[in-house]
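The residues making up each chain are set out below.
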Amino acid sequence: MSDSFKSVAAMLADLRPVDPVYCVYPHVYRAAAEEFLTGFPGRVLYAIKANNEPKVLQALFHAGIQHVDCASLQEIREVRAISHDAQCYFMNPVRLRGAARTAQQEFGVRHFVVDHADGLKLLLGEIDPLQAVIFVRLAVHHKSARVDLSSKFGASAEETLTLLQAVADAGAEPALAFNVGSHVMSPDAYVHAINTAITVLERLPFKLRLIDIGGGYAKPYPGFAAPPMADYFAAIVEAARFSLLDNGELMAEPGRALAAPGLSAVVEVLLRKGNRLYLNDGLYGVFWELRYHAHDRYPARAWRGAEPMTGETQAFQLLGPTCDSDDKLPGLVDLPADIAIGDYIEFGSIGAYSLGGRSDFNGFYSNTVVNITDPLSLPPG
Ligand SMILES: *Cc1c(COP(=O)(O)O)cnc(C)c1O
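Residues numbered from 1 in each chain as written. Predicted model: local features only at pLDDT ≥ 70, side-chain atom pairs only at ≥ 80, totals over all residues. Heavy atoms only, no water.

A look at the side chain of Glu-268
Looking at the secondary structure, you find Glu-268 in strand β13 (residues 263-273). Assessed through its relative accessible area of 11%, Glu-268 is described here as buried. Beyond its immediate chain neighbours, meaning those up to four positions away, Glu-268 contacts Arg-16, Pro-17, Val-18, Tyr-278, Leu-279, Asn-280, Gly-342, Asp-343 and Tyr-344. (Helix = DSSP H or I, 4+ residues; strand = E, 2+ residues; numbered from the N terminus. Buried < 20%, exposed > 50% of the residue type's maximum accessible area, 1.4 Å probe, protein only. Contact = heavy atoms within 4.5 Å.)

A few points about the side chain of His-67
By secondary structure assignment, the location of His-67 is in strand β4 (residues 67-70). Residue His-67 is classed as buried on the basis of its relative accessible area, which comes to 15%. Of note is the side chain of His-67, whose polar atom sits 2.8 Å from the side chain of Tyr-89. (Polar contact = N/O pair within 3.5 Å; in protein donor to acceptor, adjacent residues only side chain to side chain.)

Some words on the site of the ligand
In the region of the ligand, 13 residues are neighbours, and Lys-49, Ser-182, Gly-216, Glu-253 and Tyr-353 sit closest. The side chain of Asp-69 places a nitrogen or oxygen atom 3.2 Å from a nitrogen atom of the ligand. Contact between the ligand and Arg-256: an oxygen atom at 2.8 Å from a main-chain N or O atom of the residue. Notes on the ligand: free accessible area 390 Å², of which the protein chains cover 92%. (Near = heavy atom within 4 Å. Areas by Shrake-Rupley, 256 points an atom, 1.4 Å probe, with all protein chains shown as cover.)

Quick word on the pattern of salt bridges
For the coordinates displayed, the defined rule picks out 13 salt bridges. Of the charged contacts in the structure, one is a salt bridge between Glu-34 and Arg-30, with a shortest N-O distance of 3.4 Å. Placement of both Glu-34 and Arg-30 in helix α2 (residues 26-39) is noted, with a separation of 4 residues, approximately one turn of the helix. What makes Glu-34 partly exposed here is its relative accessible area of 38%. It is possible to trace a salt-bridge network through shared partners that takes in Arg-304, Asp-338 and Asp-343. (Salt bridge = Lys/Arg side-chain N within 4 Å of Asp/Glu carboxyl O.)

Some remarks on the domain arrangement of the protein chain
Examined at the domain level, the protein chain breaks down into domain 1 (4-23 + 262-372) and domain 2 (26-259). A C-alpha centroid distance of 32 Å is found between domain 1 and domain 2. Listed as interface residues are 19 residues of domain 1 and, on the opposing side, 17 residues of domain 2. Summed over both sides, the interface between domain 1 and domain 2 buries roughly 1,700 Å², with carbon and sulfur atoms accounting for 57% of that surface. (Domains from an automatic or database assignment. Buried area = accessible area lost by both parts, 1.4 Å probe.)

Let's talk about the packing of aromatic side chains
Evaluated as defined, the whole model comprises 14 aromatic pairs. Aromatic pair Tyr-190 and Tyr-217: ring centres 4.8 Å apart, planes at 5°, arrangement stacked. A residue pair is termed long-range when its members are at least 10 positions apart, and Tyr-190 in helix α8 (residues 188-202) and Tyr-217 in the loop between β11 (210-212) and α9 (229-239) qualify at 27 residues. For Tyr-190, a relative accessible area of 1% corresponds to the buried category. Judged by relative accessible area, which is 1%, Tyr-217 ranks as buried. Grouped by ring-pair contacts, the aromatic residues Phe-36, Phe-40, Tyr-190, Tyr-217, Tyr-232 and Phe-233 constitute a single cluster. Stacked on the ring of Tyr-284, the Lys or Arg Arg-291 has its end atom at 5.5 Å from the ring centre. (Phe/Tyr/Trp six-rings, centres within 6.5 Å; stacked < 30°, edge-to-face > 60°. Lys NZ or Arg CZ within 6 Å of the ring centre and 35° of its normal.)

A closer look at the environment of Asn-92
Tracing the backbone through its elements, the reader meets Asn-92 in the loop between β5 (87-90) and α5 (99-107). In this structure the C-alpha to C-alpha distance between Asn-92 and Phe-153, which are 61 residues apart in sequence, comes to 9.0 Å. Here Asn-92 is in contact with Cys-70, Ala-71, Val-113 and Phe-153, once residues within four sequence places are set aside.

Some points on the packing of α8 against α9
The relative placement of two packed helices comes down to the angle between their axes together with the axis-to-axis distance. Interaxial distance between α8 and α9 falls to 9 Å at its minimum, and their mutual angle equals 20°. In terms of axis orientation, α8 runs roughly parallel to α9. For the pair α8 and α9, the crossing hand works out as right-handed. Touching Tyr-190, Val-191, Ile-194 and Ile-198 of α8 are Tyr-232, Ala-235, Ile-236 and Ala-239, all from α9. (Axes fitted to C-alpha atoms, helices over the stretch in contact; angles between N-to-C directions. Parallel < 35°, antiparallel > 145°, perpendicular 65-115°, else oblique. Left-handed = near helix turned anticlockwise from the far one by under 90°.)

A few points about the pairing of strand β14 (residues 276-279)
Inspection of the sheet shows β13 paired to β14 by 4 bridges, in the antiparallel sense. Counted as the bridge partner of Arg-272 is Leu-277 from β14. Note: β14 against strand β17 (residues 313-319), 3 bridges, orientation parallel. From the neighbouring strand, Tyr-278 faces β17, where its bridge partner is Leu-319. (Pairing = 2+ DSSP bridges.)

Section: α5
Listed as buried for α5 are Ala-99, Ala-100, Ala-103, Gln-104 and Phe-107. Down the axis of α5, the smallest arc covering the buried residues is 130°, so these residues share one side. Across α5 from its buried face, at more than 90 degrees, point the exposed residues Gln-105 and Glu-106. Against α4 (73-82), β5, β6 (111-114) and α6 (117-124) lie the buried residues of α5. (Arc of directions from axis to C-beta.)

Section: a nonpolar patch on the surface
Residues Leu-270, Leu-271 and Ile-341 make up a contiguous nonpolar surface patch of roughly 250 Å² in combined accessible area. Relative to the elements of secondary structure, Leu-271 occurs in strand β13. (Patch = residues over 30% accessible without salt bridge, like charges linked within 9 Å, V, L, I, M, F, W, Y side chains within 5 Å.)

Looking at empty space enclosed by the protein
All chains considered together, the criterion is met by 1 cavity of 30 Å³ or more. Space inside the largest cavity adds up to approximately 30 Å³. In terms of lining residues, the largest cavity is bounded by Ala-32, Glu-35, Phe-36, Lys-219, Met-229 and Ala-257. Ranked by residues supplied to the lining of the largest cavity, first place goes to α2 with 3 residues. (1 Å grid on protein atoms, 1.4 Å probe; cavity = no way out; pocket = protein on both sides within 12 Å on 5 of 7 lines; lining within 4 Å. Points joined across faces, edges and corners; volume = space filled by probe spheres on them.)

Laid out in structure tokens, this is it:
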């Protein structure tokens, strides 16, 4: 089977797929990467947990992404399988035993993170500190983050200062990291976190070179507004008055902002009962992030055969194919009123936290991923 089509229409005409098909639009990923690389005042690390699909990684690397935020040895291997040049950062304070050693010795990883004295001890037992930059992760909280990433990881201000000193004493380069959250709806959250970090660093007797302000940049979904990326960048530039070493640099770890835009999921209508549509994908598949109720749907358009459907729309409830009654998508979606069995629905903006969480529960699982190559082809939304 070809894994590259000019358009979704061409893919549908050629495959008439029984399984869901996930469509990568490399030109859309290029635009998302360029926006971040130009707008963010520093080094951009792609947080690979948002989407580790090889075609997505390829698109982002081609678009100029060179650094990857990994949480496991497996993710580091996935990056290496695609690119020799992309630089991996092992940014998880909790790792499998031996993983940091292998990362440094076999993959040349230099950047690690800790948030606890015992974690630092474990890390120093595995790596050569003279070849390492060790970030201390500071806990920061802000109400505008829909998902608080500091409820699990992060040290207090006092612990952070102690750990930074301990990292320096061990001979590694100390650096600071924090993560505001995910779905961070307000650039103010970054300003608040940056100010917290500045206050902490004022009490440190030496300067740092690298400050990693993490990920979390929100993207819009239907019924879920998010500020333009430019607003985040402007707020960060304004707030980030760190006193760093001369070659100092800011870093960011966007996952969703890079991963979301360039992927769509094309699913088939298996059955219609009034305004209820049963699909061949659901909450155990590509739609799993909807379980967390931050946003409740994706932009959608319908296809009949290889033709986009037009005309009157109505709101539909969408249900997955498994036997679990909870396998229902939370939001109603407007679709053509005459949509029927065998029609397809393409969901856009579905690149973040979608492919990575699929399970084969009840025997439904698709791994058909194709590239859509015509730059004039765009996903819905
Ligand atoms: C998940 C995660 C990110 C990416 O978060 P997004 O909300 O997808 O931008 C970045 N850094 C760390 C440490 C994370 O755990």
